[in-house]
Protein chains: 2
Amino acid sequence: VLINGETGDWLHATDRGLLYGDGLFETVAVIEGKPMLWQRHFRRLQLGCERLRIPPPLPDLLFAESLAALDPHAPRQVLKIIITRGRGARGYAPPRDVVPTRIIGTSPWPDLPEWAFQEGIRVRFCDARLGHNPALAGIKHLNRLEQVVARMEWQDAEIQEGLMLDRDDKVIEGTMSNLFVINERGLLTPDLHQCGVAGVMRELVMDVAVDLGIAVTTGQVDRPMLRQARGLFLTNSLIGIWPVRELDGYGYPTDSIDRRLLRETMVQGFGGPRESRA
Amino acid sequence: VLINGETGDWLHATDRGLLYGDGLFETVAVIEGKPMLWQRHFRRLQLGCERLRIPPPLPDLLFAESLAALDPHAPRQVLKIIITRGRGARGYAPPRDVVPTRIIGTSPWPDLPEWAFQEGIRVRFCDARLGHNPALAGIKHLNRLEQVVARMEWQDAEIQEGLMLDRDDKVIEGTMSNLFVINERGLLTPDLHQCGVAGVMRELVMDVAVDLGIAVTTGQVDRPMLRQARGLFLTNSLIGIWPVRELDGYGYPTDSIDRRLLRETMVQGFGGPRESRA
C-alpha cells in the first residue's frame, strides 16, 4: 500500500476517512499492468472530490502512484484508490487547510465464477433500503453501511447479488453493481439522483449502447417493470456484465443481451472479449 | 491512542472502519479522570454493535483501556472510542470471523463558549437533509458524511449549530446535537426511528425530566412547531444543554428551561452544576 506516496499499510487514527467516512474510493480492474477505464475512474473521483469539497489529487501523480503500487507479475489485479479529507481536529467541520490522504493498494483478482458470464447469476431483493440524499448520490464515497447491512442479509453462496430499493419502492442498484433492464425499447437503468452509485462500468455500457444505436433510458424502475423485462443484467468494474438468470425465483433468459454490446464493453473494460480472460 | 490495547496511532489501511465506515463511535466527557455517563455510552455502543452484528467489546476491558488512555493531568478531556468490524477481504460481505478493532484516544476539552450556557446560541437550518434508514437510525455509526456536508454550509463563527430536517420536512436534530422543544405540555424531542442519532445526553435529559415530573414526548417535529415553542435547547455529551437564543433570525427566550432539569442534568452529566465547571 502507498499512503501519500510512501510505502506503508498504516493510516493515522485521526484520519477523517475513519472518523466520518469522509472520503471517496475507486476500484479499478488492472489487466496486464494496465488500469482499465482510468479516465472514467479519475473523472468520477474528481466529481466526488468536488461534491465533498476535497482538493482532488493531481491526475499524473495519482496515475504514477497507482502504477507504482501494482504487482508487476499479476496478469490481473484490483487497484483500490481511497482519497480522504485527511486528518483534522475533532468535529464535523473540515479543517481550514485540508491535506487529503491518498491510499493506493492492490488485491488479487477476485475469484469470480466464470460460468456467471455465460449462465447468468441468481439475485435476490434486499430488505434494506437506500436512503435519499442527492448531495451524496452518484459518487463513490466511503459511507457504505447501507451496502454492508444489505449484504449481510444472505449467506447463500448460490446467490451472487442483492438488489436494493429506495424508500419509494423504486429499484436502484445491486449492493455492489448497477442494474440494466432490457425491454422492447432498448436499455433502461435506474436514475441515481437521489441515491446509488453511478458505476464506471454502467457509464461505459451506456456509452457503448449509444454508439451501437441501442436506446438507453435513465429513469424510475419498479418491480413490475422488472417482471415485464426481456432480461436483466448487472455491471461493475470487476465483473463487467453479468446476466441475471433468476431474481427471487423468477427466471430470465440470459441471451437477451446484445452480442455487440457485450463484446465491445468487454474490449473497452478489460482489454479483450471475455473469452480471452478465462 | 490505544488500538486493541496497544499504544499506537496507526490503523491498518484495510480496516473496514476506513473502507466502509463499518463501525461505531462514542464521544465521552471525562471530568477529573472519570468518564461521565459511562453506562449510557456503553449501552448505546452495545446496541450499535448488535444492530450492525459486530461482536461488542467486553465492558470491563473497554473501561480499563479507556482509563489507561486518559491524560492523568487533565481536569477535563474528551474520550473517543471507535469500534470497527476490523480487517477484511475486499467486498461488503463481512468476514466469517470478525475481529473488531478498538480505537481509544483522548483529545483536549473543546473550547466551548462559556456564555452559550447563559445567553444561548445562534442556530440555522441546514439545506442538507437526512436520508431515512431505520436500520442505521439512532446508533452512532461511522457514516457521517451527511453531518459533514451539513456542517460545511456555514463558516460564520457566530452560528454555533445547524438543524437538519429529513426528506419529509420533519426537524430531526442538529449536526452534532439533539433538539428539545419546550411547549405548554412539557418537552418534545424528535422521533429518531428513521434517521438521527439518539444522543446519550438526550436520553439523560429525558430521564431527568421524567423524574422531575416534566412530561416528555417523542414525536414528529416540524418548523411551525418550532415557531410556536416557548423555547428550544440542544444537547450533547460535551455541551450538556445549550439554550437556543436565535434560529434563522427568530428569537427565543433562553430562561424557559426548568432550573432543576438544567441543574440535575449537569450534575449527572458533568459531576456538578455548570457554574463549577467554569
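It should be noted that the structure appears before, not after, this text.
What counts and what doesn't
- Residues numbered from 1 in each chain as written.
- Chains lettered and ligands numbered in written order.
- Predicted model: local features only at pLDDT ≥ 70, side-chain atom pairs only at ≥ 80, totals over all residues.
- Heavy atoms only, no water.
- Contact = heavy atoms within 4.5 Å.
- Buried area = accessible area lost by both parts, 1.4 Å probe.
- Salt bridge = Lys/Arg side-chain N within 4 Å of Asp/Glu carboxyl O.
- Polar contact = N/O pair within 3.5 Å; in protein donor to acceptor, adjacent residues only side chain to side chain.
- Helix = DSSP H or I, 4+ residues; strand = E, 2+ residues; numbered from the N terminus.
- Nonpolar A, V, L, I, M, F, W, Y, C, P; charged D, E, K, R; others polar.
- Pairing = 2+ DSSP bridges.
- 1 Å grid on protein atoms, 1.4 Å probe; cavity = no way out; pocket = protein on both sides within 12 Å on 5 of 7 lines; lining within 4 Å.
- Points joined across faces, edges and corners; volume = space filled by probe spheres on them.
- Axes fitted to C-alpha atoms, helices over the stretch in contact; angles between N-to-C directions.
- Buried < 20%, exposed > 50% of the residue type's maximum accessible area, 1.4 Å probe, protein only.
- Arc of directions from axis to C-beta.
- Phe/Tyr/Trp six-rings, centres within 6.5 Å; stacked < 30°, edge-to-face > 60°.
- Lys NZ or Arg CZ within 6 Å of the ring centre and 35° of its normal.
- Parallel < 35°, antiparallel > 145°, perpendicular 65-115°, else oblique.
- Left-handed = near helix turned anticlockwise from the far one by under 90°.

Q: What should I look at first to understand the interface of chain B and chain A in this one?
A: One frequent convention defines the size of an interface as the accessible area lost when the parts assemble. Contacts between the two partners involve 55 residues from chain B and, on the opposite side, 55 residues from chain A. The contact between chain B and chain A buries some 4500 Å² in all, and 66% of this surface belongs to carbon and sulfur atoms. For the pair chain B and chain A, the interface holds zero salt bridges. Counting the contacts that link chain B with chain A gives 17 residue pairs in polar contact (both at pLDDT 80 or more). Elements with a minimum of two residues in the side of chain B that touches chain A: β3 (10-12), α1 (16-20), β4 (23-31), β6 (76-84), β7 (101-108) and α5 (145-151) of chain B. Looking at the side of chain B that touches chain A element by element, the count peaks at six residues for α5(B). Its residues assigned to classes, the side of chain B that touches chain A shows 27 nonpolar, 15 polar and 13 charged. As judged from the three bridges shared by strand β3 (residues 10-12) of chain A and β3(B), these two strands associate in the antiparallel manner. Bridge assignment links A:L11 to a residue of β3(B), and that residue is B:L11.

Q: How should I be thinking about empty space enclosed by the protein in this particular structure?
A: Any space left empty among the atoms is revealed by the rolling of a water-sized probe across them. Following the criterion strictly, the structure yields one cavity of 30 Å³ or more and no others. For the largest cavity, the calculated volume is near 420 Å³. In terms of lining, the largest cavity is formed by 33 residues, of which the most central are A:L136, A:E146, B:L136, B:N143 and B:E146. At the level of secondary structure, the elements contributing two or more residues to the lining of the largest cavity comprise α5 (145-151) of chain A together with α5 of chain B.

Q: Is there a simple way to explain the sheet that holds strand β6 (residues 76-84) of chain A in this structure?
A: Two modes of strand pairing occur in sheets, parallel and antiparallel, and in both the strands are linked by backbone hydrogen bonds. Residue and element names in this part refer to chain A. Spatially, six strands are ordered β2-β1-β7-β6-β4-β5 in an open sheet, and the strand pairing comes out antiparallel. Of all the strands in the sheet, the pair left with one neighbour each is β2 (6-7) and β5 (34-35). The pairing of strand β1 (residues 2-3) with β2 spans two bridges and is classified as antiparallel. Across the sheet, residue L2 finds its bridge partner in β2, namely T7. Lying on the sheet, helix α3 (residues 59-69) is in contact with β1, β5, β6 and β7 (101-108); it crosses β7 at an angle near 35 degrees.

Q: Even after reading the chapter, I still don't get α3(A), so can you show me in this structure?
A: For an α-helix, 3.6 residues make a turn, and residues three or four places apart therefore share a direction. Residue and element names in this part refer to chain A. Residues of α3 that are buried include every one of L62, E65, S66 and A69, and no others. Considered in projection along α3, the buried side chains sweep an arc of 105 degrees and stay on one side of the axis. When the buried face of α3 is taken as reference, the exposed residues oriented beyond 90 degrees from it are D60 and A68. As for α3, its buried residues are in contact with β1, α2 (38-52), β6 and β7.

Q: Looking at this structure, how should I read the packing of aromatic side chains?
A: How two aromatic rings sit relative to each other is given by the distance of their centres and the angle of their planes. Residues and elements named next belong to chain A. Inspection of every chain in the model, using the stated rule, returns 11 aromatic pairs over all chains. Note on W109 and F270: the rings are 6.4 Å apart at their centroids and 85 degrees apart in plane angle, and the pair reads as edge-to-face. With W109 in the loop between β7 and α4 (115-119) and F270 in helix α8 (residues 259-270), the pair connects residues that are 161 residues apart, well separated along the chain. Over the face of the ring belonging to W154 we find R151, whose NZ or CZ atom lies 4.0 Å from the ring centre. In this structure, R223 packs its charged tip against the face of F125, placed 3.9 Å from the ring centre.

Q: Even after reading the chapter, I still don't get the packing of α2(A) against helix α6 (residues 200-211) of chain A, so can you show me in this structure?
A: Residue and element names in this part refer to chain A. Two elements in contact, α2 and α6, have axes whose closest approach is 10 Å; the angle formed by their N-to-C orientations is 120 degrees. When the axes of α2 and α6 are compared, the pair comes out oblique. Where α2 crosses over α6, the two elements pack in a sense that is right-handed. Between α2 and α6, the contacting residues are R40, H41, R43 and R44 on the first element and V200, E203, L204 and D207 on the second.

Q: Can you help me understand the pattern of salt bridges in this one?
A: Once their charged atoms are close, side chains differing in charge can pair, the charge on each being opposite to the other. Residues and elements named next belong to chain A. Enumeration according to the criterion identifies 22 salt bridges over all chains in this entry. As a salt-bridge pair, R102 and E65 come within 2.8 Å of each other at their nearest N and O atoms. Taken as a pair, R102 in strand β7 and E65 in helix α3 lie far apart in primary sequence, 37 residues in all. As far as the burial class goes, R102 and E65 line up, both buried.

Note that every value here comes from positions in space, so none of it alone points to a role or purpose.
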